[in-house]
Every structure is written in structure tokens, then in C-alpha cells.
Amino acid sequence: MKSSNAVIYARVSSKEQERERYSIDAQMKYLRQYATDNSLNVVREFQEAESAKIAGRAKFNKMLEFIQANPDVKYLLCEKTDRLSRNFKDIATIDSLVQNQGLTILLVKENSEISKDSKSHENFMFGIKALMAKNYSDNLSEEVIKGMREKASQGRYPGGSIPYGYLIDKNVGEILPDPERAHLVVELFELYAANKMSLRALAGWARTKSMTTPRSGKPITISQIDRMLKNPFYYGDFRWAGELFRGIHKPIVTRKLFDAVQQAFRVHHKPQFNRRSFAFGNLLVCAKCGCKITAEIKKGKYVYYHCTGMRGGCDLVYVREADLIDQYSELLGPLVLTEDKARMIMSQISKRRSGDVKKIASERLRLNTRIGLLSKWTEQAYIDKLEGTIGKEQWQSLTSLWETERSQLSEQLRILNQENQNIVPAAQRILELSQKLPALWDSKNSFEKRRLVDLLYSNSTLDGANLYATYNKPFSFIAEGTQTQKWRG
Ligand SMILES: [Zn+2]
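Since we're looking at a predicted model, the values are computed, not measured.

1. Observations concerning the sheet that holds strand 10 (residues 285–286)
- Spatial strand order, 10-14-15: 3 strands in an open sheet with mixed pairing. What marks the edges here is a single partner per strand, and that holds for strand 10 and strand 15 (466–471).
- Looking at chain direction, strand 14 (residues 457–463) and strand 15 are connected through 5 bridges and run antiparallel. Across the sheet, the residue bridging to aspartate 463 is asparagine 466, located in strand 15.

2. Focus: the packing of helix 8 (residues 182–193) against helix 10 (residues 222–229)
- Look at helix 8 against helix 10: their axes get within 11 Å of each other, and the N-to-C directions meet at 90°. With respect to each other, helix 8 and helix 10 are oriented roughly perpendicular. Listed contacts from helix 10 to Val185, Leu188, Phe189 and Tyr192 of helix 8 are Ile225, Met228 and Leu229.
- Split into classes, the residues belonging to the contact of helix 8 with helix 10 amount to 7 nonpolar, no polar and no charged.

3. Some details on the pairing of strand 1 (residues 5–12)
- Most of strand 1 sits inside the fold, with 6 of its 8 residues counted as buried.
- The pairing of strand 1 with strand 2 (residues 41–49) spans 8 bridges and is parallel. In the sheet register, asparagine 5 faces strand 2, and the bridge partner there is asparagine 41.
- Where strand 1 lies against strand 3 (residues 73–78), 5 bridges are found, and the strand directions are parallel. Bridge pairing in strand 3 links valine 7 to leucine 76.

4. Things to note about the pairing of strand 3
- The element strand 3 is largely enclosed, with a buried count of 6 among its 6 residues.
- Strand direction decides the pairing type here: strand 3 and strand 4 (residues 104–107), joined by 4 bridges, are parallel. Counted as the bridge partner of leucine 76 is isoleucine 105 from strand 4.

5. Quick look at the sheet that holds strand 1
- Across the sheet, which stays open at both edges, the 5 strands sit in the order 2-1-3-4-5 with mixed pairing between neighbours. The sheet is open, and its two edges are formed by strand 2 and strand 5 (112–114), each paired on a single side. With direction set aside, neighbouring strand axes in the sheet form an average angle of 20°.
- Sheet strands in contact with helix 3 (residues 58–69) are strand 1, strand 2 and strand 3, and its direction is about 155° off that of strand 2.

Quick notes on the rules
- Residues numbered from 1 in each chain as written.
- Predicted model: local features only at pLDDT ≥ 70, side-chain atom pairs only at ≥ 80, totals over all residues.
- Pairing = 2+ DSSP bridges.
- Helix = DSSP H or I, 4+ residues; strand = E, 2+ residues; numbered from the N terminus.
- Axes fitted to C-alpha atoms, helices over the stretch in contact; angles between N-to-C directions.
- Parallel < 35°, antiparallel > 145°, perpendicular 65-115°, else oblique.
- Contact = placed C-beta atoms within 7 Å.
- Nonpolar A, V, L, I, M, F, W, Y, C, P; charged D, E, K, R; others polar.
- Buried ≥ 20, exposed ≤ 12 C-beta atoms within 10 Å, placed from the backbone.

Below, the structure written as C-alpha cells:
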């Protein structure tokens, strides 16, 4: 590396700040040192401290702008992938800087670099790390491969948001009635079943009881109450992926009361809230006018998708859900790997990982040695204090300094170990997925297919009856590899 211009990007999450175990200073120190060691000329530093309230990426966007405006910046230094990216869109923007502006990303702690010349499998790993940063890989393993259907059929709610009146006991991972809120749910059901109050009046009543959504803290709305009163979760079942499952969680209301409420709905006739959900709803955009694509049922059973035509001037083409599914399934083609190819990619990844092992081991040794030293100093200082060699104040300031450093190093060690355990299995899972994708796709109902669509594709648009979508990373790298035969060592 010659003396090239570089920028540094450091970020700490609000969680890390809370724990105060990992300061942004430690990151900066590390990255600056790396730049010095590699004769990089740091022209700008960007530090991001996310607050709990605003998950801001202000500095991140500033950095992207800066790099765009200064093409002589050739390197971006960052600690690890998950500092850099939180979502696919970030990765796509960074990727375009890499491809079009010749930027090289140095992920210092991961000992990897992403550049235009990176091999496909390196890009693939970058994509996987980005996926892991989003906690998506957990969903991937559980939801797609092991099958959430199995979890659901065992009566365990597969996830998504927990209905009002319940909470999750984190110790046992169980969903339990919230002792402070469950009785309010019962009252809502009783009031509506007794036919004495409209939904609007119930919303007013809920406000007097300070019923607010736990997440946003806002008062519960009419449509939320409507949904609650129709949610079978409260009597012990649950809906998932378009089906009803028998739950093992504790009911809040009796089946009898629930049925009485449904009867009251029939009497009231409130169809405006009775919106049916569609598998591919809220997903597609019209290529011609940019409006949302909406769905409706024809002849009582066929689901059709079409442009809302809100802006006018758009021929409303009706596309059957089955056609949409066919087109998505055609797009799967380039994502499907043969067993041989998957094995080859895996061996490239393993080869590269074994090269890393030495570096990781030496990093681990460095951290452990330093931690050991700090402990020893702390012990010695205590003895010195007892013997009166140093004063109490001096002893306090020294030990608190060492303790801070020690906990920072422990955190680094923990992250180092954790990432090493997870990255290869995650790559393995994605490669497995890409081998059985067609069979998996065929075995799923349309709601489950939608989940796969969210995992694999972005920017779904309908141009007339034709579907277009882009591949999410790391799947885009698989597609690129299978289409260009780029998967080489
Ligand atoms: Zn349109």
C-alpha cells in the first residue's frame, strides 16, 4: 500500500454505550494505529454514536457523500462489517462506491478487504456478514430451513409481534399474560360482546385506562382494537402464514367470550376494518407510474394484483397471484447452486478462513496477554496500597483505568470468538439453502413464499404483467457467480 487517502468510520450502538464497555475511542485508536502501520493518510474521520431514540446514521450518510465528492479517497477503514452496515441498502450504496469509484474497504478486525478485484467468494462473505449484522441469519436458519411451520404446529408462536396483553419471559422464552394489562383485554372483549359500545367508544374507554402500545407508548387506536378483538391468540390459537394453529400459550379470554365478540361483529357489520391480508400485499410498485400494487379477490377465490392507479393514466393490468408466483420462481434460477459448485465455494471459504486462523489466534493471544497483565497490576496495586507505598486516591484512579481497559478488551475477545463461530455456519446455511431452493419454494404456501421473497429480493416492480426484482446480498453474488462463471479460486 502506498500512501493513499483514507477515511475512518467508527460506530457504537446505544446498547454498547449503555454498558459502557466498549467506547468509540478504543475503535478510533485501533483504526488510527492501523492507518499509521499501513501508511494510509487519513483525511477525515467519522464517528457515530447511535442514541436509543434515533437510530441515526447521519455520519454514515455524510461519509458516503464525502467519498463520492472526493474520488481520491481510496480506502475506507472500519472495524468490522456490522459497524458499517445495518441493511441491504447500505451495502448496495457502499458496493456501488467499490465498483464505480475503486474504493477499497478494509475491515480491519476481520482482516478482510473488499475491492473491485475481490474474488466472488470474498464478496459473498461480505454479504453474509452484512446479513448477520442484521440478525437475519437467525431467521434464515430457523424460519426457512428448519421450518417455522414445525414450530407453529407444536403450538409455539413463531414470532413477529406479541399481541397486547402478553409479554415474553426472557428467562424461559415463554409468552405469558402481562399481569398489568391482561385484565384490560378481558374488559374490552366483555364490553364489545355486551353490544353496548362501538369500537370508537371502546377506543375512548381504552384511553381512560391508559392503554398504550408498549413499543410506541401511543394510545391504542380503533383499528388496533378491531384487530385485537378478532385475534384468536387471546383464546389460545394463533394465525401464522395464513393458517390457524393451536397454541400452547395461556389464553386471556375464553373461547365462549371470543365467539360472542365475533357474533357482535356480525351484528354490527363493520366491514371497513375487515381487510383481508394478501401474501404479496405491500410489496410491489408499478413500474409505469410508481403507485403501489394492490390486491383483490375476484369470483370469490382468485387473487389479482394491480396498480392502484392513484396518479391516473395507468392501464390497470390485473395479474393473478399464481402468475406472480411463477415469475418469482423463475427468478430463483440464478440463485440455485449445484452440489459441486456449493462445495467448491465452501472450500474456498474454508481455505481463506484457515489463512485467517493464525491471525485470529495471535489477536486472541494479544488480548489475553494484556488482560492477564492488567489483572496482575491490579493485584499488585492493592498490595502497594495496603503497604502504604501508594495512596488511596492514586490506587483508585489506577484501578479504575485498568478496569475500563480490561472490560473493553474482554468485549473485543467475546466478539472475536462469537464471530468466528458464526460466520462459517452462516455461509454453509446459505449455500445449503441455495441448493434446495426450488424444492423449498414449491413446498411453501403463498404466505411462506412471501417470506422467502423478502429474504431474496428487493425492489419488486410490476411493468404491466411483468415482474422485475433485484437480488439481495449475499444472494446477488451467487447469481453473479452462476451467471458469469466467476466462482473461481
Ligand atoms: Zn401504475
